[in-house]
Amino acid sequence: MGVSSAALARESSARVQSSLAGGLTAWLCGVFAIALAAAMIALLARAGWADIATETVNGSQIIPSLEWSLALISLALPLAALVAIGAAVAAAEPALGGRAGRLLNVALRAGPAVPGIVIGIAALAIVTADAQIANAARLHPVLSAALALAALNLPIMSARLRTVFRGVPLVWRVAAAASGATPGVAFARIVMPRAWPGIVAVLLNTAGQMLGETAVIAIVLFATNRAQPPLPVYLWEMVTHGAGPGSTGPVAAAEALVLVVAIAALRLTSRALLGSRRRPQGAPA
Amino acid sequence: MTAEHQSSVETKLEVRDLHVWYGRRHAVRGVNFAVADRKTVAFIGATGSGRSAILRALNRLHDLDASARIEGSVKIDGAEVLGAGTDVSALRRRVGMVFGQPATLPLSAFENVVFGLRAKGVSDRAALEEACERTLRRVMLWESVTKSLNLPALSLPVDWQQRICIARVLAVGPEILLFDDPAARLDPVASQVLDDIIFRLRRDFTILVATNDLHQAARLSDLTYYMVDGEIAESGETLAVFNRPTDSRTEDFLAGRAW
């Protein structure tokens, strides 16, 4: 049975309209994103870095706060990375993970569905349930915050790393095994070199997440402690106590943007790394 | 169904009551056969008839697939290989496999050829270079690929890649070669060259070929097994199976008739 030319024309017209609408939406979103970035840069430039750096809120300054944030992450990230890479390898490489890997796969499918903050608070609850541990946590707020941050980010980090390992084509593992390579040799010589940029990208992404989205844990741990607060707590105090005396509006607003810029820098670096992880010419999907 | 075709030559490979499951799918159903040393066997049959599943059982590639399960016995030179005590890496060096899609590794052509040797622990450069040249000559590629040895193998033509994969298998000194539809991705000319290579290898190795190409099966093999739904429906000397099939399903398959 033939299709009428009118029906074909209608279908073609609908397709054109749909693609025009999609293109226009994407274009408007792009313009908005560029305008937002330009506004942020303008605001930071107008405030001036010298003013931002010397602003004092409740006895704290932004640069030491940023440094503390980075120190916190430099403790939490290796802890989380160690466990997450191990879990991801076991889950993504059946030949290495065995039955434990299969169980981990189930956990990693379910894990990211649980909000990170829930896991973080659970970690905190475990820490504070024991009086001795709670006391130690108060004495070592940076270490305990780092542990909580690591626990908070583990599920999503492991799941992302598993995706990175699974991105290496299965046919290469099979080819390596068929050539007599042990699972360990196949992993070290074929999988790991191709997964490495992806691993670094995931670590940078997680660092960005730790820097920004995990403020609640930091606030809980630092609220009762007058050590130098990390950046999210500094910003929280600026919101709750107000900017320092004599602070101008642009300086206060620009301080809030520092966190956004720091996270954006980490995300952009990870994107660049993922972009460099090009599939070799002719490689299978 | 049993297919016994042992000649006076010693039996290299013996398969008894082999079953393979992929999840709930029973891909191979109690297959029995034996192959004498330096004989070539072709497995023909429709897609999904269990040809590849049999080959993968022989070098335990099913171990890499969590959904696969094997029962039965596979003996090479009289020694069981499906048992827990088998050194699987050593087994895969003895029983090399070439796939339909060239299983080219993301390494240079040279590193592809010597990958198995390096995995075995060979690091002497001279030994690796000697093995590379020797095996590439056996697959009739040495002269063509000499200047491209350091290029990524994945950037080379598909037929070269397939020959590099065969060279990689040969480099580790196998005794049995498994070809799983090796010409699936090749054009007719490249396919003919591949047939020539396999034909020359017949003198030195026991070869099992699973193929959709009936001409390839007829030209290369001493014995042919026709598979239907995971069972060997007919088996025998290749000439006999092709010229005087006893099973009507074999006759229909060879004539290209659906049944």
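Residues numbered from 1 in each chain as written. Chains lettered and ligands numbered in written order. Predicted model: local features only at pLDDT ≥ 70, side-chain atom pairs only at ≥ 80, totals over all residues.

*Asks:* I'm lost on the overall build of chain A in this one. Help?
*Replies:* Scanning chain A for helices and strands turns up twelve helices and two strands. Listing each helix as α and each strand as β along chain A from the N terminus yields α-α-β-β-α-α-α-α-α-α-α-α-α-α. Looking at chain A alone, contacts between residues at least 24 apart form 78% of all its contacts between residues at least 6 apart. (Helix = DSSP H or I, 4+ residues; strand = E, 2+ residues; numbered from the N terminus. Contact = placed C-beta atoms within 7 Å.)

*Asks:* Can you help me understand the sheet that holds strand S8 (residues 176–180) of chain B in this one?
*Replies:* Residues and elements named next belong to chain B. The six strands are arranged S7-S8-S9-S4-S10-S11 in an open sheet whose pairing can be described as mixed. Whereas interior strands pair on both sides, the edge strands pair on one side only; in this sheet they are strand S7 (95–98) and strand S11 (231–237). Shown here is a sheet whose adjacent strand axes are inclined to one another by a mean of 15°, direction ignored. Relative to S8, S7 runs parallel, the two sharing four bridges. Residue pairing across strands places glycine 96 opposite leucine 177, the latter belonging to S8. Each of S7 and S8 touches helix H6 (residues 158–171); the most contacted strand, S7, lies at about 175° to it. (Pairing = 2+ DSSP bridges. Axes fitted to C-alpha atoms, helices over the stretch in contact; angles between N-to-C directions.)

*Asks:* For this particular structure, what's the right way to read the environment of Ser67(B)?
*Replies:* Mapped onto the fold, Ser67(B) is located in the loop between helix H1 (51–58) and strand S5 (68–76). For the pair Ser67(B) and Gly23(B), spaced 44 residues apart in sequence, the C-alpha separation works out to 5.0 Å.

*Asks:* I'm lost on the interface of chain B and chain A in this one. Help?
*Replies:* The accessible area lost on association of the parts is a frequent measure of interface size. Contacts between the two partners involve 21 residues from chain B, matched on the other side by 22 residues from chain A. Elements with a minimum of two residues in the side of chain B that touches chain A: helix H2 (88–94) and helix H3 (109–120) of chain B. At four residues, H3(B) tops the list of elements feeding residues into the side of chain B that touches chain A. Partitioned by chemical class, the residues of the side of chain B that touches chain A number twelve nonpolar, five polar and four charged. (Nonpolar A, V, L, I, M, F, W, Y, C, P; charged D, E, K, R; others polar.)

*Asks:* Would you mind going over the environment of Thr56(A) with me for this structure?
*Replies:* All names here are of chain A. Within the fold, threonine 56 resides in strand S1 (residues 56–57). The exposure class assigned to threonine 56 is partly exposed, which follows from the 13 C-beta atoms found within 10 Å. A sequence separation of 178 residues divides threonine 56 from tyrosine 234, and the C-alpha atoms of the two residues are 9.7 Å apart. (Buried ≥ 20, exposed ≤ 12 C-beta atoms within 10 Å, placed from the backbone.)

*Asks:* Even after reading the chapter, I still don't get the packing of H6(B) against helix H7 (residues 188–201) of chain B, so can you show me in this structure?
*Replies:* A packed helix pair is summarised by two numbers, namely the angle formed by the two axes and the spacing between the axes. Residues and elements named next belong to chain B. Relative to each other, H6 and H7 sit at 15°, their axes nearing to 10 Å. On the basis of their axis angle, the class for H6 and H7 is roughly parallel. Every pair of crossing elements has a handedness; the one defined by H6 and H7 is right-handed. Contacts from Asp159, Gln162, Arg163 and Ile166 in H6 reach Ala190, Val193, Leu194 and Ile197 in H7. Looking at side-chain class alone, the contact of H6 with H7 contains five nonpolar, one polar and two charged residues. (Parallel < 35°, antiparallel > 145°, perpendicular 65-115°, else oblique. Left-handed = near helix turned anticlockwise from the far one by under 90°.)

*Asks:* In this structure, what is going on with the confidence of the model for chain B? I would like to understand it.
*Replies:* It should be kept in mind that the predicted coordinates are not to be read in detail where pLDDT is low. All names here are of chain B. Per-residue confidence for chain B averages 92 on the pLDDT scale, and 96% of its residues sit at or above 70. Contacts for the low-pLDDT stretch residues 1–8, under 50 throughout, to residues beyond four places or in other chains number 16 contacts. For this predicted complex, the interface score ipTM comes out at 0.88, while the overall pTM is 0.74. (pLDDT = per-residue confidence, 0-100.)

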